[in-house]
Amino acid sequence: MAAAYGPQYKTNVMFLCNHNSCRSQMAEGWVRHLRGEKSVGVASAGIVGGTKIKEGAILVMKEAGVDITPQTSDAVADFKPEDFDVVISCCGCGAKLDPEDKRAWKERPDFQDWNLDDPPAIDPGDFSEYRRVRDECRAKCEALLAPL
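Residues numbered from 1 in each chain as written. Predicted model: local features only at pLDDT ≥ 70, side-chain atom pairs only at ≥ 80, totals over all residues. Heavy atoms only, no water.

(A) Quick look at the overall build of the chain. Of regular secondary structure, the chain possesses five helices and four strands. Along the chain, helices and strands appear, N-terminal first, in the series β-α-β-α-β-α-β-α-α. In terms of C-alpha radius of gyration, the chain reaches 14 Å, essentially the compact-globule figure of 15 Å for 148 residues. Along the longest, intermediate and shortest principal axes, the C-alpha atoms of the chain span 40 × 35 × 25 Å. Of all 148 residues assigned to the chain, the portion counted as buried reaches 47%. Once local pairs closer than 6 in sequence are excluded, the contacts in the chain between residues at least 24 apart make up 76%. Summing over all exposed atoms, the chain offers an accessible surface of approximately 7100 Å²; the carbon and sulfur share of this is 50%. Between the averaged position of the 19 positive side-chain charges in the chain and that of its 24 negative side-chain charges there is a distance of 1 Å. (Helix = DSSP H or I, 4+ residues; strand = E, 2+ residues; numbered from the N terminus. Rg over C-alpha atoms; globule rule 2.2 N^0.38 Å. Buried < 20%, exposed > 50% of the residue type's maximum accessible area, 1.4 Å probe, protein only. Contact = heavy atoms within 4.5 Å. Areas by Shrake-Rupley, 256 points an atom, 1.4 Å probe, with all protein chains shown as cover. Lys, Arg positive; Asp, Glu negative; His and termini not counted. Charge placed at Lys NZ, Arg CZ, Asp CG, Glu CD.)

Structure follows, in structure tokens:
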């Protein structure tokens, strides 16, 4: 399997979230699924640290035809900001990137804060919020990929 990101790609995208367990995982899965022949590398990481991918995220992405089970939940400390052209905070957590040891992530050429809702925190138990956020995330990923 080819490397997920790196100099072999024209553009490299990093999706950040608190724990890299849901929103950032869905975004990474969508970019992998939607990029087609575009030269786009992608990774995701948790600002606080990696945990594990939420079962709800796996389920709703599978419903949409995207298998995110091969992805891993990683910590931002395991990556270098300079390896990425686009950095997207999925959860409105950009302020957590203000400390000196993380500030470089916000200083990349293209930093965005998508501020997606947190499905595990608001889902009533029927996965409806996971599906809504999944679909919102897909639309944002399609818009991201369009000019690349």
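Continuing now.
(B) Up close: the layout of surface pockets. Approximately 170 Å³ is the volume found for the largest pocket. As for the largest pocket, its lining consists of 14 residues, and the residues nearest its centre are Glu28, Arg32, Pro70, Gln71 and Thr72. Contributions of two or more residues to the lining of the largest pocket are made by α1 (23-34) and β2 (40-46). Per element, the largest residue contribution to the lining of the largest pocket is three residues, and it comes from β2. (1 Å grid on protein atoms, 1.4 Å probe; cavity = no way out; pocket = protein on both sides within 12 Å on 5 of 7 lines; lining within 4 Å. Points joined across faces, edges and corners; volume = space filled by probe spheres on them.)

(C) Region of the structure containing the packing of aromatic side chains. Going through the model one piece at a time under the given rule, you end up with six aromatic pairs. Taken together, a centroid distance of 6.2 Å and an interplanar angle of 70 degrees make the contact between Phe79 and Phe84 edge-to-face. You can call Phe79 buried: its relative accessible area is 14%. Ring centres of Phe127 and Tyr130 lie 5.7 Å apart, and the angle between their planes is 55 degrees; on these two criteria the pair is classed as tilted. The class for Phe127 is partly exposed, based on a relative accessible area of 29%. (Phe/Tyr/Trp six-rings, centres within 6.5 Å; stacked < 30°, edge-to-face > 60°.)

(D) Layout of α1. Counted at 1.5 Å a residue, the expected span for α1 with its 12 residues is 16 Å, and the 16 Å between its end C-alpha atoms agrees. Where the residues of α1 are buried, they touch β1 (11-17), β2, α2 (55-63), α4 (119-122) and α5 (128-145). Note on α1: the residue one or two positions beyond its end, Gly36, has a positive phi of about 55 degrees. (Expected span 1.5 Å × (residues − 1).)

(E) Representation of the pairing of β2 in the model. The buried count for β2 comes to seven of seven residues, which makes it a mostly enclosed element. Burial of the side chains of β2 extends over both faces: Val40, Val42, Ser44 and Gly46 are buried on one face and Gly41, Ala43 and Ala45 on the other. Bridge count between β1 and β2: seven bridges; the pairing is parallel. Bridge pairing in β2 places Cys17 opposite Gly46. Handedness of the crossover is the feature at issue here: the chain leaves β1, passes through α1, returns alongside β2, and the resulting connection is right-handed. (Pairing = 2+ DSSP bridges. Right-handed = clockwise from strand over helix to strand, strands pointing away.)

(F) Expanded view of the nonpolar core. Ranked by internal contacts, the top residues of the largest apolar core, which has 41 residues, are Met14, Phe15, Leu16, Trp105 and Trp114. A total of six residues in this core trace back to one element, the largest contributor, which is α5. (Core = buried A, V, L, I, M, F, W, Y, C linked by side-chain atoms within 4.5 Å.)

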